[in-house]
Amino acid sequence: MPENPDYCLKCIECGREYEIEDIYMCECGGLLEVFIKDANLKFKLDGNLRGVWKYSSLLPVKIDPISLKEGSTPLYRCRRLEDILKDRSSQNLRVEVYVKHEGANPSGSFKDRGMTVGVTKAIELGKRAVACASTGNTSASMAMYAAKAGIKAYVLLPAGKVALGKVAQALMHGARVIGIEGNFDQALSIVREVCRTEGFYLLNSINPFRLEGQKTIAFEIADEIGVPDRVILPVGNAGNISAIYKGFRELERFGLTSSIPMMTGVQAEGANPVYRAVKNNKTDIDPVLNPETVATAIRIGQPVNARKAIRAIYESGGVAEEVSDREILEAQKLLAMREGIGVEPASAASIAGLLKLGEKGIIESGERVVCITTGHLLKDPETVIRECGEPIKVEASVDAVRKVL
Ligand SMILES: Cc1ncc(COP(=O)(O)O)c(C=O)c1O
Ligand SMILES: [Zn+2]
């Protein structure tokens, strides 16, 4: 049996299966996912991380990957966070807290896991160009992998609403970067149409192959510490939470593990459609028409993967939470100053969610929790300077420096 698995695309709504791969949606309008029918597992969960492609026997590609050595991100035990949780809760809350820092990927976000698979699929399908709408990180990552693959990259961004570091990456890696006077949801709807007319390969998380790469976050967690009780992560377009859940489900289905963590999604108050849907026991969202949050990466009002994500939350017994911009920025500082982990605001939403759910008593003593921090601190330097202020400036003398120590 070859290394790559036997798979097809399957609609999450009507169950229809497709052998063709160059599609993004079912004819019924439902989202597609890759269904691994059979696989000959060539890896062991032995604690040795070797990047995304360690798990190639569960990854649906047939050619050598376009890789920049993504994955193998650090998983930190965070004892100071554990103490803070205990201090803030009314009970004597004892939780084991880990942070998996996806900011340590080559472009500085978890998107690289998806892009190594997505861009490889683009090459496999003979595409000459890839495209995406982006709140920033997708564009940075896609531009990088397109450069490595030697194909063109087109990016649509909400003008003025993308953190500087991400725009810089997309530009330097050679993407054609187009700002639109509108939000992410509008950018996505435009780029979908442009991909259809121009034949570009769409690499937003509606692309089921991209999510296959991202499911390796689950594989790496299980590889290092086994299956935790809960995984907490920020939710924007809702692809990552769906992908990680799928990863844990596959490990269980192929007999490597025997439980699924409670998938816990955190959104910003100003961009919270998934939170509201789950709160009201619904299976679909009402869009937020003018999403707004300091966490620009998750400034999304109409997440395309909402139905997958909501299912993941319900099926795993998880929850959704919302956090304010103030809570996000405080969590970002706390993580940076108390644990030495530098993340961008969207990523800090998972820490803000951890603290809030701990205070509410939803997280219980004895739980082992993994928070995913999705992007690196350096992605958004402008927010940092706004929060921390400019460095102190003094004349060039020992005396002047001593005075401000
Ligand atoms: C740093 C960061 N965190 C979280 C997300 C949200 O991920 P998803 O859209 O898969 O929900 C994004 C998406 O752009 C992101 O860039
Ligand atoms: Zn269908």
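Preceding this section is the structure that the text describes.
Here the structure is a predicted model, which is why all the values come from computation and not from measurement.

### Observations regarding the site of ligand 1
Line of reasoning, step 1. In the neighbourhood of ligand 1, 19 residues make up the surrounding shell, with Gly-236, Asn-237, Ala-297, Thr-374 and Gly-375 lying closest.
Line of reasoning, step 2. Residue assignment for the shell around ligand 1 shows that the elements contributing at least two residues are helix H3 (137-149), helix H8 (239-253) and helix H12 (345-359).
Line of reasoning, step 3. Partitioned by chemical class, the residues of the shell around ligand 1 number 6 nonpolar, 12 polar and 1 charged.

### As for the packing of helix H11 (residues 325-339) against H12
Line of reasoning, step 1. Where H11 meets H12, the axes come as close as 7 Å, and the angle between the chain directions of the two elements is 95 degrees. As summarised for this structure, H11 and H12 are arranged roughly perpendicular, according to the angle between their axes. Across the interface between the two elements, Glu-327, Ile-328, Leu-329, Ala-331, Gln-332, Leu-334 and Leu-335 from H11 touch Pro-345, Ala-348, Ala-349, Ile-351, Ala-352, Leu-355 and Lys-356 from H12.

### Observations concerning the sheet that holds strand E12 (residues 320-323)
Line of reasoning, step 1. Pairing within the open sheet is mixed, and its 6 strands lie in the order E4-E5-E13-E10-E11-E12. Strands with a single pairing partner mark the edges of an open sheet, and in this sheet they are strand E4 (75-77) and E12. Neighbour to neighbour, the strand axes of the sheet diverge by 25 degrees on average, direction disregarded.
Line of reasoning, step 2. Pairing between strand E5 (residues 96-101) and strand E13 (residues 368-373): 6 bridges, direction parallel. Residue Val-97 lies in a different strand from E13, and its bridge partner there is Val-369.
Line of reasoning, step 3. The strands touched by H12 within the sheet are E5, strand E10 (230-234), strand E11 (262-268), E12 and E13, with E10 carrying the most contacts at an inclination of about 135 degrees.

### Brief notes about the sheet that holds strand E1 (residues 6-11)
Line of reasoning, step 1. The 3 strands are arranged E2-E1-E3 in an open sheet whose pairing can be described as antiparallel. Among the strands making up the open sheet, the edge pair consists of strand E2 (17-18) and strand E3 (32-38).
Line of reasoning, step 2. Where E1 lies against E2, 2 bridges are found, and the strand directions are antiparallel. Bridging from a neighbouring strand, Lys-10 pairs with Glu-17 of E2.

### Section: the environment of Val-194
Line of reasoning, step 1. Examined against the element boundaries, Val-194 turns out to sit in helix H5 (residues 184-198).
Line of reasoning, step 2. Val-194 sits in the partly exposed class, given 16 other C-beta atoms within 10 Å.
Line of reasoning, step 3. With 62 residues separating them along the chain, Val-194 and Cys-132 place their C-alpha atoms 9.9 Å apart.
Line of reasoning, step 4. Discounting residues that sit within four places of it in the chain, Val-194 has contacts with Ala-131 and Phe-200.

### Some points on unusual backbone geometry
Line of reasoning, step 1. Phi angles above zero are rare outside glycine, and Lys-69 is one such case at about 60 degrees.
Line of reasoning, step 2. Its place among the elements puts Lys-69 in the loop between E3 and E4.

The rules behind the values
Residues numbered from 1 in each chain as written. Chains lettered and ligands numbered in written order. Predicted model: local features only at pLDDT ≥ 70, side-chain atom pairs only at ≥ 80, totals over all residues. Near = placed C-beta within 6 Å. Helix = DSSP H or I, 4+ residues; strand = E, 2+ residues; numbered from the N terminus. Nonpolar A, V, L, I, M, F, W, Y, C, P; charged D, E, K, R; others polar. Axes fitted to C-alpha atoms, helices over the stretch in contact; angles between N-to-C directions. Parallel < 35°, antiparallel > 145°, perpendicular 65-115°, else oblique. Contact = placed C-beta atoms within 7 Å. Pairing = 2+ DSSP bridges. Buried ≥ 20, exposed ≤ 12 C-beta atoms within 10 Å, placed from the backbone.

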